[in-house]
Amino acid sequence: MAPTTFGWLIILCPAVGTMLIALSFKRLPARSAGWIGTAAIAASFGLSIAALLALLGHTPDHREFTSTIWSYDSSVGVDAKLSILVDPLSVYMALVVSGVSMLIHLYSVTYMTLDRGFNRYFSFLNYFVFSMLLLVLAGNFVLLIVGWAFVGAASYLLISFWYRRTTATGAGIKAFVINVVGDAGLVLGTFFIFKHTHTVDFVKTFGAVDHVFAHNSPDLVAGCLLLLVGAFAKSAQVPLHTWLPDAMEGPTPVSALIHAATMVTAGVYLIARMHPLFEQATTAADVGAIGGCLTLLIAATVGLVMVDIKRVIAYSTMSQIGYMIMAVSVGAYSAGLFHLMTHAFFKALLFMAAGSVIGAMAGAQSLDRMGGFRRALPFTFGCFVIGGLALSGLPPFSGWLSKDDILAFLDHRGGGFIILGIAGYVGALLTGIYTFRMIFRAFLGEPVEEARELEHGHLHHADVPRNPMTGEEEDTDVGFPGPGHFIAERELPMKVAMSVLAVLAIVGGVLQIPGVDAGIERFLSPTFADSHLAKELPSTRADWIGLAIGALIAIGGIAVAYRVWVAAPGTATRLRERLAPVYTLLINKWYFDELIDLVVVRPSLWVGRFAQSVLERVVIGDVVTGGTTGIVRAGSAAVRRAQTGFLRYYAALMIVCLTGVALYFLISSS
Amino acid sequence: MTLSILIWLPLAISLVAALLAPRALVGRFVAIGSLVTLGIAISFLVRFKLGHAGLQFVTDKVWISALGIHYKLGLDGLNVALVVLTALLFSASLVWSAFREWERARVFYFFFGLAESAVLGAFCAQDLALFVAFFDLMLIPFYFMVGMWGTGERVRATTKLVIYTLVGSFFMLAAAIATGVLASSQHGTPITFVLSSLRALPLSRDSQEWIFLCFAVAFLVKMPLVPFHGWLADGYKAMPIPVVAVFSGVVAKVAAYGFLRIVLPLFPYASVHFQTLMLLIALVSIFWATAVAFTTSDARMVVAYSSIAQLGFITLGIFSLRPEGGQGALLQMLNHGLVTAAAFFIVAVLAGRAGGSEDLRDMGGIAFRAPVLASLFVIVAFAWLAMPGSPNFIGEFMILLGTFQSKLAIAVIAFAGVIAASYYALRMYITSMHNRAGREVASREIVVPDFAVIAPIVVVILVFAFYPQFGLRRSEATLKTTVAPAQVLAARGPGARAAIGAGGTAYARVGGGGGP
């Protein structure tokens, strides 16, 4: 079969899964929706492997295939068709997305068992995977935007999954609206490019870029900057990031899948896909790199002080995506995409492990209340440490090879890029600190009551479940995080999913070892064959020097965390007091929420109230309508009769009058 | 089968029903009849030949020979889909009505049938005088339906509606007559109102300008756009739900359609001259209406004001004077008709579960035990906010692309309206379906009769989502010739336009080029 046939089937499987679960939600027996959903994604994963093999069956120069089913929006010069593009990049993304999704579906079968919305959950989750696969396989801008918006919709639906919690619905609408800002950026960026290329097709656009755009031509830079707005909104980069921490209101497997492993990395994919445009618009590419760099630093610093365990991981996700955005913006495509994959492994693992801890805490997520779970949750602890080491970049874990690949590339490009590289190393140090702060606080130290109970085999359950954010009593009709409180130690599907990811987090790096195999780079090279940046790779020696520096920094970060939170407890409190202004800035997340509230939300609502109370009531209601009515009223007694109920006479009278006017006009002029 | 049968059938059915059917069965009789009308409309759609710019299924009879008025009907790319939309939404509204009790039911259904005939007539009319006649005829049943079956402040609502629309109608009548009369006097030909003939007789610059303004006032009042929307809040609030669904769904579209059918081809010079003005009115409408939809707590008003904003987008597309914008505008008329009608029906369903209140503050948490209703609503909400993947997105995409190509700054500003739409649509969904349950809320699943009305509309939306090309393909050929005269003029720039001067003949080569 042609690779594109597999491509269509990859998209089709989760679509069928969604429809099947959604249409038969009332008749499905227990848990079967979960297994249907998992099977659909497993089928997609199998088909992705088949597509990979089909692609490898062709010579590297001929690994780009397109296929069209029908015209979607093609008229008056616009040529948007329902078409997919199957090339190494899209197959690579499909493999990562479907593979990780499969494991998270498996985890969810247990995690959501007792939830009232079990079937709804799996139809949404399958819909998400469908959308994400559509996004990565889309063959033109319009279809890409469709996939882009669909993942945003799925993200919204799953963030507000427990929809009686106002925190969840608030977070949902925030995420959705910021994502629509991104969609608008993508559409407008497409317009700027379409204006010159007269096509929305990827292959044709990329073929035309060098002919129709001069280097850094204004329209191209504008278009690429707008594409960056889309990428930044979806990938939670500063300043469009504020939705991601709030999105942690969704079920934990959703955080693992959508808000860590797959959807939020769509911005990275976008820039990599659009590399012929960005390489011609270097100004925009530089903006992307600087934005990614700022995000990785800002998010890492906030991660140091957050107490909600899921939010620490969320800020960590932002920070890691900052690395990827920086990488693909400067031309380190294979390194950035490699980090995308390893990050998907270890970050999904960390979220799953966090889900297990939260289960043991009966829904509480604050690190302040956790401690000493090492003995009570040995498996979870092991997974958390593996994920944490991979995230910190300790050899030989996967994150070490991928992140330092990026930083070595930056140093190699030289000039101002070295500053970005140094910032990346600072971020790596902070990563080690915040990751192990989390691990030490949750798992070491004196066991808390919940941990002690669990050591005696009893899983803690709250008497009256309350929303930890608001203190509101939870709604048991629709559900809330819980009520099952599953821990990985006791549930096989969770254990399997986490074990697979733990193994991948350790050994996933072997796919690309500098000087040994460089597998990812070689596989992706046909997609980036037209790139001149991708060819300027650092030497193997430079790569290994970078890896050595990265390893030392990771060890340093972990050592600092050990010193502050284990060896000398109380250091954290002293630091907080000594650096009070810094702490205030960080605990308020650099005041981005307040800034957006001040600049966007309040003015919009004020304008809305002004429109309603002044414009509508006074201008339209009194002046325009009142004025018109007054004139007519003065001229015609019929209006008064209309108001007393003789409407039909009034209407008839008006028609007669009009006819008279018409006849007069006709007669007098002809 | 001729278009006359399609147009007059609804009126005939409602007359027969009013006179012969037993009182209790009038509604069902008319509803079933409307499905027959829908079937006939679809048969025209099926037989419609693609790729032809000219009129098809033409009926042309001299009506008033002394005045050159013809009874001329025809379908082309501009109206073929709108005719089917009209039949579909009237069927939906009549089915909805048939499941409810109405006082003086015979009269009610008679007016409904009259309204459908008039709207279909206005869409099919190919003679300016006939269009005006149908346009005014269309409004009369609505005055009565608001006045007699309305709720709340219905007298005030009716007064405003009558005054506004009659003032608008007066402007249009004067403009229509002037068009025919001036065209014949400026070219020395016998008087005619047939649109295709008028296209060959372009008016002088000055005449075009004032006639354009008259038509614009009439259409802008009818849509409505800011600042001509004073009647909308009371009018939409007072109308019974099935009435407001067709009123917002199709009647408002007649005005937008009028710009494409009459104004752009007949007054291309004025269209270019007032292009910026019209685009600004559209832009102001988008923001004004969005701002109100942002803050109002009345569910019905959210839909009503959002429809002003949507019509603002449609106007933006039309006056981009580009084929992309025109295509987008036509597609968006269909999409908006479907979505707004579904949204009004859903408001009624929601109110039925919130103790009869349409206030969003009394709603909340309805999704519980109503997963089907929640699913239908979420699909409608996503289409409403023009999420990519919905047919509305393709409409907005084309509209904004057209605007982008002609006036970049306006397109960029209009994007803020797109973003804001996502907030008000989702806010309405969340405050009604999600969060904690309101005090009076009884969470119940949607009942079968309501489902039978809303679900088919949602299915049509979903089909369009996969294949928006369906609408675009049918309108492409006609739309290109409609926009061409104004597009050519706009592309020549202001200097060239001034040089064309007042001479009708010099201008005729450009303006009359595209007519069939």
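On a predicted model such as this, the values are computed, not experimentally measured, just so you know.

Asks: I'd like a description of the overall build of chain A, backed by residues and values.
Replies: What chain A contains, in helices and strands, is 27 helices and two strands. Taking 26 Å as the expected radius of gyration for a compact globule of 670 residues, we find that chain A reaches 28 Å, a close match to that expectation. When the backbone C-alpha atoms are referred to their principal axes, chain A occupies close to 100 × 65 × 55 Å. Looking at chain A as a whole, 58% of its 670 residues are labelled buried.

Asks: Run through the overall build of chain B, naming residues and quoting values.
Replies: Of regular secondary structure, chain B possesses 20 helices and two strands. In terms of overall dimensions, chain B is globule-like: its C-alpha atoms have a radius of gyration of 22 Å, near the 24 Å expected for 516 residues. Taken along its principal axes, the extent of the C-alpha atoms in chain B is 70 × 55 × 40 Å. With 516 residues in all, chain B has 68% of them scored as buried. In chain B, of all internal contacts separated by at least 6 residues, the share reaching a separation of at least 24 is 81%.

Asks: Residue-level account of the packing of helix 6 (residues 166-197) of chain A against helix 8 (residues 218-234) of chain A, with values.
Replies: The relative placement of two packed helices comes down to the angle between their axes together with the axis-to-axis distance. Residue and element names in this part refer to chain A. Two elements in contact, helix 6 and helix 8, have axes whose closest approach is 7 Å; the angle formed by their N-to-C orientations is 155°. Classified by the angle between their axes, helix 6 and helix 8 sit roughly antiparallel to one another. The element helix 6 and its partner helix 8 pack so that their crossing is left-handed. Its residues assigned to classes, the contact of helix 6 with helix 8 comprises twelve nonpolar, seven polar and four charged.

Asks: Lay out the interface of chain A and chain B in plain terms, naming residues and giving numbers.
Replies: When the parts of a complex come together, some accessible area is lost, and that lost area is often taken as the interface size. On the chain B side, the residues contacting the 62 residues of chain A number 63 residues. For the side of chain A that touches chain B, the elements supplying multiple residues, two or more each, are strand 1 (65-75), helix 5 (141-159), helix 6, helix 25 (592-635), helix 26 (638-643) and helix 27 (647-669) of chain A. A per-element tally of the side of chain A that touches chain B places helix 25 of chain A first, with 16 residues.

Asks: Which residues make up the nonpolar core, and what values do they have?
Replies: Ranked by internal contacts, the top residues of the largest apolar core, which has 463 residues, are Ala348 and Leu349 of chain A together with Phe345 and Val380 of chain B. Non-local contacts of Val380 of chain B, meaning those with residues more than four positions away in its chain, are made with Val339, Ala342, Ala343, Ile346 and Val458 of chain B.

Asks: Go over the domain arrangement of chain A with me, naming the residues and quoting the values.
Replies: The domain architecture assigned to chain A consists of domain 1 (3-460 + 475-587) and domain 2 (595-669). Using only C-alpha atoms to locate each centre, domain 1 of chain A and domain 2 of chain A end up separated by 54 Å.

Asks: So, the pairing of strand 2 (residues 78-86) of chain A: which residues are in play, and what are the values?
Replies: Residues and elements named next belong to chain A. Summarising burial for strand 2: eight of the nine residues are buried, a large majority. Where strand 1 lies against strand 2, eight bridges are found, and the strand directions are antiparallel. Directly across from Asp73, in strand 2, lies its bridge partner Ala80. Between strand 1 and strand 2, which follow one another and run antiparallel, lie two residues, and Val76 among them has a positive phi close to 40°.

Asks: Run through helix 2 (residues 26-47) of chain B, naming residues and quoting values.
Replies: Two residues of an α-helix separated by three or four positions point the same way, owing to the 3.6 residues in each turn. The end-to-end C-alpha separation of helix 2 of chain B is 32 Å, in line with the 32 Å expected for 22 residues at 1.5 Å each. Where helix 2 of chain B is buried, its residues meet helix 1 (3-20), strand 1 (56-64), strand 2 (69-75), helix 3 (80-98) and helix 4 (105-124) of chain B.

Asks: Tell me about the packing of helix 13 (residues 282-303) of chain A against helix 18 (residues 417-443) of chain A, and please be specific about residues and values.
Replies: Residue and element names in this part refer to chain A. At a minimum axis distance of 9 Å, the contact between helix 13 and helix 18 shows a crossing angle of 25°. The angle between helix 13 and helix 18 falls in the class roughly parallel. Helix 13 and helix 18 meet at a crossing whose hand is left-handed. For the pair helix 13 and helix 18, the contacting residues are Ala289, Cys293, Leu296, Leu297, Ala300, Thr301 and Gly303 in the first and Leu420, Ala423, Gly424, Val426, Gly427, Leu430, Thr431 and Tyr434 in the second. Residues of the contact of helix 13 with helix 18, tallied by class, amount to ten nonpolar, five polar and no charged.

Asks: Which residues make up unusual backbone geometry, and what values do they have?
Replies: Cis geometry is adopted by the peptide bond preceding Pro239 of chain A, which originates at Val238 of chain A and carries an omega value of 0°. Mapping Pro239 of chain A onto the fold places it in the loop between helix 8 and helix 9 (243-246). Put simply, Pro395 of chain A and Pro396 of chain A share a cis peptide bond, and its omega is 0°. When you line up the elements, Pro396 of chain A lands in the loop between helix 16 (378-392) and helix 17 (398-413). The phi angle at His198 of chain A is positive, at roughly 60°, despite the residue not being glycine. In this model, Arg104 of chain B sits at a positive phi of 45°, which is unusual for a non-glycine residue.

Asks: Any chance you could break down the environment of Leu277 of chain B for me, citing the residues and the numbers?
Replies: All names here are of chain B. Among the secondary structure elements, Leu277 is positioned in helix 12 (residues 275-295). On the basis of neighbour counts, which here come to 12 C-beta atoms within 10 Å, the residue Leu277 falls in the exposed class. Through-space distance from the C-alpha of Leu277 to that of Tyr423 is 28 Å; in sequence the pair is 146 residues apart.

Asks: Break down the confidence of the model for chain B for me, with residues and values.
Replies: In low-pLDDT segments, the atomic positions of the prediction should not be examined closely. All names here are of chain B. Residues of chain B with pLDDT of at least 70 account for 95%, and the chain-wide mean is 89. Every residue in residues 499-516 is under pLDDT 50, and counting partners more than four places away or in other chains gives 36 contacts. In the predicted complex, the global pTM is 0.91; the interface-specific ipTM is 0.91.

Asks: Go over the confidence of the model for chain A with me, naming the residues and quoting the values.
Replies: Residues and elements named next belong to chain A. Averaged over every residue, the pLDDT of chain A is 87; the share at 70 or more is 92%. The spread of mean pLDDT over the elements of chain A runs between helix 26, the lowest at 47, and helix 11 (residues 266-273), the highest at 95. Ignoring residues within four places in sequence, the model shows residues 638-646, a span with pLDDT below 50, making 14 contacts including any to other chains.

Asks: Describe helix 4 (residues 118-137) of chain A, and please don't skip the residues or the numbers.
Replies: Between its terminal C-alpha atoms helix 4 of chain A stretches 29 Å, which fits the 28 Å expected from 20 residues at 1.5 Å a residue. Across the 20 residues that make up helix 4 of chain A, a large majority, 20, are buried.

What counts and what doesn't
Residues numbered from 1 in each chain as written. Chains lettered and ligands numbered in written order. Predicted model: local features only at pLDDT ≥ 70, side-chain atom pairs only at ≥ 80, totals over all residues. Helix = DSSP H or I, 4+ residues; strand = E, 2+ residues; numbered from the N terminus. Rg over C-alpha atoms; globule rule 2.2 N^0.38 Å. Buried ≥ 20, exposed ≤ 12 C-beta atoms within 10 Å, placed from the backbone. Contact = placed C-beta atoms within 7 Å. Axes fitted to C-alpha atoms, helices over the stretch in contact; angles between N-to-C directions. Parallel < 35°, antiparallel > 145°, perpendicular 65-115°, else oblique. Left-handed = near helix turned anticlockwise from the far one by under 90°. Nonpolar A, V, L, I, M, F, W, Y, C, P; charged D, E, K, R; others polar. Core = buried A, V, L, I, M, F, W, Y, C linked by C-beta atoms within 7 Å. Domains from an automatic or database assignment. Pairing = 2+ DSSP bridges. Expected span 1.5 Å × (residues − 1). pLDDT = per-residue confidence, 0-100.

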